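# Per-entry structural report
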Amino acid sequence: MAVRVMTAYVAHELNHPLGTIINLANILARRLVGPVVRPKDISQHIKHIKAEAVRATSVIKNMRMLTEHMPTAYESLSLIEVCQDTIARMKPLAKSKQVNVRLEVRTTFVRVQGVKELLETALYNFIINSIAALDHANVTRRLVTIRILARGPGETTIQVLDNGIGVPDSILDKIFEPFVTTRTDGSGLGLAIAGDVIRLHHGRVCCHQRKSGTCMEMILPQQ
Ligand SMILES: Nc1ncnc2c1ncn2[C@@H]1O[C@H](COP(=O)(O)OP(=O)(O)OP(=O)(O)O)[C@@H](O)[C@H]1O
Ligand SMILES: [Mg+2]
C-alpha cells in the first residue's frame, strides 16, 4: 500500500511541473512565429521553464518526506511568500482558463516552520481544484481568492475560496482520502497529498461548502 501511494504521489506531482513546461513551450513556440518577438518576454518564459524543471527534480525527495516520514528540515517561512510564489507559478494556467486569482492578507502572524516546496505543493493542489471547479461553473467572473488569516490561538490559516460548482455532498466526508474523485481525468490524490503535507507540519485541513462554491482550508501552527 505504501509503495502504491508513494508511486502514485510521485506520478501526480510530476504532472504539475511537466504540464506547466508543455504549456509554456507551446506559448513560446507561438510567440517565436508571431509578428513581434520580444526577447524579454521570451527569456521570462525560459526562466519559468527552468524553475519548473528544477522543481520536477525534487518531487521524489519531497514525496518521500511524506510517505516515509523522513527527517524533515524545517525553516522559518512567510506564508505570504508561499502564496505569492504559488500564484506566480499558476499564472499561465489561470490565464488560459480565464480565472482571476487574488491574494488577501488579513493577519500579521504569517510565519510558520515548514518546508516551502511542500507547502506550495499543498496550496497548488487546492488552487488547481478550484480552477477545475470553475471549468463548468455558470458564473460571469471566475474567481479564486487565497486568504491568509489568523484562526484559533497560535494558528494561521490559508483559505482557498472559489465560486465553482462546489463539492458534491456524497464525497464531502472523504474528500481527503486517496483515490476519491468525481473527475473523469482525476486520480483523487491532490487533496490526499495536501492533507499529508499539512499534517507533517502539525496542522490540519478542512473543507466547507459555500452558498456558491467551496472554501478549502489549511490551518498551521504559527512560528
Ligand atoms: N474546489 C473544489 N470545488 C469542487 N470540488 C472539489 C474542489 N476540490 C476538490 N473537489 C472534489 O474533490 C475531489 C477530490 O479532489 P482531489 O484533488 O483529491 O482529486 P482530483 O482533483 O479529482 O484528482 P487529482 O487531484 O488527483 O488530479 C475532486 O474530484 C472533486 O470532486
Ligand atoms: Mg485535484
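Structural data are supplied above this passage.
In this text the structure is predicted, and so the values were computed from the model without any measurement.

## With respect to the packing of helix α1 (residues 2–32) against helix α6 (residues 190–200)
How two helices pack is summed up by the angle between their axes together with the distance between the axes. Direction vectors running N to C along α1 and α6 enclose 105 degrees, while the axes themselves pass 10 Å from each other. Judged on the interaxial angle alone, α6 and α1 are roughly perpendicular. Note on element contacts: α6 touches α1 through G190, A192, I193 and D196, opposite Y9, H12 and E13. For the contact of α1 with α6, the class distribution of residues is three nonpolar, two polar and two charged.

## Overview of the site of ligand 1
Taken together, the neighbourhood of ligand 1 is formed by 20 residues, with N129, T181, T182, R183 and S187 sitting nearest. The side chain of N129 places a nitrogen or oxygen atom 2.7 Å from an oxygen atom of ligand 1. With respect to ligand 1, the backbone of G190 contributes an N or O atom lying 3.2 Å from an oxygen atom. When ligand 1 sits alone it has 600 Å² of accessible area, and the protein chains cover 94% of it. Partitioning the shell around ligand 1 into residue classes produces seven nonpolar, 11 polar and two charged.

## Structural notes on the nonpolar core
As a rule of thumb, soluble globular proteins bury nonpolar side chains together. Core analysis: the biggest nonpolar cluster contains 53 residues, and M63, L119, L123, F126 and I146 have the highest contact counts within it. The dominant element in this core, judged by the number of residues it contributes, is helix α5 (residues 116–135), at nine residues. Counting residues in hydrophobic clusters, the runner-up holds six residues, among them I21, I27, I42 and I49.

## A closer look at the pairing of strand β4 (residues 142–150)
Most of β4 sits inside the fold, with seven of its nine residues counted as buried. Alignment of strand β2 (residues 99–105) against β4, held across seven bridges, turns out to be parallel. By the bridge assignment, E104 is partnered in β4 with R147. Where β4 meets strand β5 (residues 155–162), seven bridges bridge the pair, whose relative direction is antiparallel. Directly across from T145, in β5, lies its bridge partner L161. Two successive antiparallel strands, β4 and β5, enclose a turn made up of four residues, where G154 displays a positive phi of approximately 75 degrees.

Reading the values: rules and limits
Residues numbered from 1 in each chain as written. Chains lettered and ligands numbered in written order. Predicted model: local features only at pLDDT ≥ 70, side-chain atom pairs only at ≥ 80, totals over all residues. Heavy atoms only, no water. Axes fitted to C-alpha atoms, helices over the stretch in contact; angles between N-to-C directions. Helix = DSSP H or I, 4+ residues; strand = E, 2+ residues; numbered from the N terminus. Parallel < 35°, antiparallel > 145°, perpendicular 65-115°, else oblique. Contact = heavy atoms within 4.5 Å. Nonpolar A, V, L, I, M, F, W, Y, C, P; charged D, E, K, R; others polar. Near = heavy atom within 4 Å. Polar contact = N/O pair within 3.5 Å; in protein donor to acceptor, adjacent residues only side chain to side chain. Areas by Shrake-Rupley, 256 points an atom, 1.4 Å probe, with all protein chains shown as cover. Core = buried A, V, L, I, M, F, W, Y, C linked by side-chain atoms within 4.5 Å. Buried < 20%, exposed > 50% of the residue type's maximum accessible area, 1.4 Å probe, protein only. Pairing = 2+ DSSP bridges.

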